[in-house]
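Remarks on the overall topology
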Amino acid sequence: MELRQLTYFVTVAEELHFGRAAEHLHIVQSAVSQQIRRLERELGAELFDRSSRHVRLTAAGERLLPEARAVLAAAERARAAVAPPPGLRIGTSTGLGEHLDRVLAAFARHAPDVPVELFSLPAAERLARIADGRLDAAFVRAVEPRPGVRVLPLWPDPLVAALPATHPLAGRPEVGIEELAGLPLILTERRNNPALVDLVVGACHGAGFEPLPGPVSGSLQDTLATIGTRPLWTVVYASHARVLHSSRVAFVPFRAPGLALSTGLAVRASAPPPYLDTLLLACGDHEG
């Protein structure tokens, strides 16, 4: 007796039609009939009454049906017991820095057998993939609400000023944003990160000046390389600055109240991802 035969038997018993059962199983009808006949020969009993216009279970078939379902359920439990746990697909971005390292380390402690796959994507793409199920969760900062996605708050992310290491302000323990008014500012285009651009430009306006436009921003690596050779400034998340190493660039905190954006975890509103509680616990471990 094979599991395949029991599967075919249960499907025919539920459909009471060999043709519909074959369609449901995505095989030809003759293959279903052949396997049912083999099962009947092995058991020494007819399982279906085929004498009328409609297929009906015989008394033997009626007795077999719950047992067959129980065997198939047990087989499914056995497969599930040894199957590897589903992985967790997480969207990330540059700038998470040591936040990401610590969260992943904490998650590995709480769920050592769960694989994690990371996808570094623009914020809009991260949210789109959360909405359609291609990502389980994503770290985001100050994003606009999106249908089907909810954002769980995690932590504030302070920003620091990135300056040439040779600039007089580079050796200060902190800097007021108004002190940067004479330096051109390099920022990404607003469409790439509206929350960040609005925060920085708004802070400049609040300090009483219009920031001088610097060269067009490329990658953060390119931007920092440029700052290392010219009197320019930009902003970097403090958590990321702590893992960057450049002898030509200094990272200086802003004077209180400083600049910060909140980081959250985006998930599908209708179907929480697997291990969400564990991931949030890991984020909480990170905060501690």
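1. Overview of the pattern of salt bridges
Counted under the stated rule, the structure contains 19 salt bridges. The partner of Arg 37 in a salt bridge is Glu 40, and the shortest N-O contact between them spans 3.5 Å. Note that Arg 37 and Glu 40 are positioned in helix α3 (residues 29–43) at a spacing of three residues, about one turn of the helix. The buried category is assigned to Glu 40, whose relative accessible area is 6%. Where salt bridges share partners, they join Arg 172, Glu 174, Glu 178, Glu 179 and Arg 255 into one cluster.

2. Looking at the side chain of Thr 58
Structurally, the position occupied by Thr 58 is in the loop between β2 (56–57) and α4 (59–82). Here Thr 58 falls in the buried class, since its relative accessible area comes to 19%. Ignoring sequence-local partners within four residues, the contact set of Thr 58 consists of Glu 46, Leu 47, Phe 48 and Asp 49.

3. Looking at unusual backbone geometry
In this structure, Pro 257 follows Ala 256 across a cis peptide bond, with omega equal to 10°. Despite not being glycine, Leu 16 shows a phi value in the positive range, around 50°. Its location among the elements puts Leu 16 in the loop between α1 (3–15) and α2 (18–25). For His 26, which is not a glycine, the phi torsion comes out positive at approximately 60°.

4. Topic: α2
Turning to α2, its buried residues number three or more, namely Phe 18, Gly 19, Ala 21, Ala 22 and Leu 25. Each buried residue of α2 lies within a common arc of 160° when the element is viewed along its axis, so the set occupies one face. Seen from the open side of α2, the exposed residues pointing more than 90 degrees away from its buried face are Glu 23 and His 24. Its buried side turned inward, α2 meets α1, α3 and β1 (48–49).

5. Some words on the packing of α1 against α4
Between α1 and α4, the least distance of the axes is 9 Å, while the angle of their chain directions is 125°. Looking at the two axes, α1 sits oblique to α4. α4 is crossed by α1, and the crossing has left-handed handedness. On the side of α1, the interface is formed by Leu 3, Leu 6, Thr 7, Phe 9, Val 10, Ala 13 and Glu 14, while α4 contributes Gly 61, Leu 64, Leu 65, Ala 68, Arg 69, Val 71, Leu 72, Ala 75 and Arg 79. Looking at side-chain class alone, the contact of α1 with α4 contains 11 nonpolar, two polar and three charged residues.

Definitions and limits used
- Residues numbered from 1 in each chain as written.
- Predicted model: local features only at pLDDT ≥ 70, side-chain atom pairs only at ≥ 80, totals over all residues.
- Heavy atoms only, no water.
- Salt bridge = Lys/Arg side-chain N within 4 Å of Asp/Glu carboxyl O.
- Helix = DSSP H or I, 4+ residues; strand = E, 2+ residues; numbered from the N terminus.
- Buried < 20%, exposed > 50% of the residue type's maximum accessible area, 1.4 Å probe, protein only.
- Contact = heavy atoms within 4.5 Å.
- Arc of directions from axis to C-beta.
- Axes fitted to C-alpha atoms, helices over the stretch in contact; angles between N-to-C directions.
- Parallel < 35°, antiparallel > 145°, perpendicular 65-115°, else oblique.
- Left-handed = near helix turned anticlockwise from the far one by under 90°.
- Nonpolar A, V, L, I, M, F, W, Y, C, P; charged D, E, K, R; others polar.

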